[in-house]
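# Chain and residue survey
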Amino acid sequence: MADTQQIIDEIQKLAAEHFKVAPDHVAPDDDFFQKLGIDSLQALELLTRLENHFNIELPDYEMQGVVDFRTLADRISQRM
Amino acid sequence: MTTSAKTETLSWSCEQGIIELELHRAPANEIGSQTLEDLEGFVKALDELKIEAAALIIHSSIAAGFCAGADLRELYHTGKTMGEHDRITGVREFLNRIHAVLNVIDETPLTTIAAVHGTTFGGGFELALACDLIIADKMTRFCFPELRLGLIPGFGGIPRLKRDLGNAVVRDLLLTGRSMNATKAAQVGLVSQLVGEGKALVAARSTARQILKFDRGTSAAAKRFVKPIPHAELREEIDIFCDLFSRPAVDAGLRKFVESEDPYPYLP
């Protein structure tokens, strides 16, 4: 199983690529809605990217209340 | 014969035996009264178009996705101007009209393809389910979020999904309200072709050209044989929806959605 830091790094890389920002624009504890300026539908795009990348299913109710990359990585690691 | 038209929410054209219906209402092709009226205009035109065509492709030019479903903001605000009886009557009339549209698309002798991407939720999912084939790009997500509002899907989604898939998948989507990505949807048999980002329409056009090679009467007979319309369940769905719609939980759910500042208002 990948460690949490590795998952965080991969999430940030995917998010930066998808939303076309520099990789160093985002940090593990950033509120990704605010930092990336995204809405809920765009968050679903990120969710799909993550599911495809990590080859898991992450039901969207697992995303409720999650706004930072670190917590998101934790939710993903619980499914791997 | 008119071979193309453009309205406020959609446009369509017919060339070389292939009809393309494009949804283009920002922000996410929510289906409200205007989209319904425009869809009714399209299915009326389909009467003549289907004489010359063999295939119909439905797709969206909106980046957010195929369609986010019913226009809940319109539903909420319109309902606020009405008394209880008129509100229920209005919803039933809307459902009867959208069911009539989707039944025409479902049973047309044309072979129909939904080329989907991104958000394909609620009524948008139900529109795709009326088609014979769903071709999805890998960023598509399917969802029935209606239980969050105290409702069931109202545009024919449950009977049509039951027709196509095992009941366990239907229960998973319906009772959890979770969204399903296109890869999983292809694994369970909902999606017939899974393609790369932005490639659904290209794949749909290629498939439509294949369909053109067949005798249209034979294709229509094959479709009638394998794709019966579940009329009784569709009518029952409207009744259940309207019964649920009169409950206070629905008004509370709609208000929560419309007024929400939650970062995930589309998620149950």
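Here the structure is shown first, and the text comes after it.
Residues numbered from 1 in each chain as written. Chains lettered and ligands numbered in written order. Predicted model: local features only at pLDDT ≥ 70, side-chain atom pairs only at ≥ 80, totals over all residues. Heavy atoms only, no water.

Moving on to the overall build of chain B. A tally of regular secondary structure across chain B gives 11 helices and 10 strands. Along the first, second and third principal axes, the C-alpha set of chain B runs to 55 × 40 × 35 Å. Per-residue burial for chain B yields a buried fraction of 55% across its 268 residues. In chain B, 75% of the contacts between residues at least 6 apart in sequence involve partners at least 24 apart. (Helix = DSSP H or I, 4+ residues; strand = E, 2+ residues; numbered from the N terminus. Buried < 20%, exposed > 50% of the residue type's maximum accessible area, 1.4 Å probe, protein only. Contact = heavy atoms within 4.5 Å.)

Time to look at the interface of chain A and chain B. Across the boundary between the two partners, chain A contributes 24 residues, which contact 21 residues of chain B. The largest share of the area that chain A buries against chain B comes from Leu41(A), Glu57(A) and Asp60(A), three residues that together contribute 29% of it. Counting the contacts that link chain A with chain B gives 4 salt bridges. The partner of Glu57(A) in a salt bridge is Arg178(B), with the nearest N and O atoms 2.6 Å apart. At the junction of chain A and chain B, the tally comes to 8 residue pairs in polar contact (both at pLDDT 80 or more). Mapped by element, the contributors of at least two residues to the side of chain A that touches chain B are helix H2 (32-36) and helix H3 (40-54) of chain A. Sorting elements by how many residues they give to the side of chain A that touches chain B places H3(A) first, with 10 residues. Its residues assigned to classes, the side of chain A that touches chain B shows 13 nonpolar, 6 polar and 5 charged. (Buried area = accessible area lost by both parts, 1.4 Å probe. Salt bridge = Lys/Arg side-chain N within 4 Å of Asp/Glu carboxyl O. Polar contact = N/O pair within 3.5 Å; in protein donor to acceptor, adjacent residues only side chain to side chain. Nonpolar A, V, L, I, M, F, W, Y, C, P; charged D, E, K, R; others polar.)

Relative to the elements of secondary structure, Pro248(B) occurs in helix H11 (residues 248-259). In sequence terms Pro248(B) and Arg25(B) are 223 residues apart; their C-alpha atoms lie 30 Å from each other.

Time to look at helix H1 (residues 33-52) of chain B. Residue and element names in this part refer to chain B. Here H1 spans 29 Å end to end across 20 residues, near enough to the 28 Å set by a 1.5 Å rise per residue. Within H1, the axis deviates most sharply at Leu46, by approximately 45°. Thr35, Leu36, Asp38, Leu39, Phe42, Val43, Leu46 and Leu49 are the residues of H1 that are buried. Those residues of H1 hidden inside the fold are in contact with strand S2 (10-15), strand S3 (18-23), strand S4 (55-60) and helix H3 (84-107). (Expected span 1.5 Å × (residues − 1). Bend = angle between axes of the 7 residues up to and from the residue.)

The next point concerns empty space enclosed by the protein. All names here are of chain A. Counting across every chain of the model gives 1 cavity of 30 Å³ or more. In this structure, the largest cavity occupies an estimated 50 Å³ of space. Residue contributions to the lining of the largest cavity peak at 4 residues, all from H3. (1 Å grid on protein atoms, 1.4 Å probe; cavity = no way out; pocket = protein on both sides within 12 Å on 5 of 7 lines; lining within 4 Å. Points joined across faces, edges and corners; volume = space filled by probe spheres on them.)

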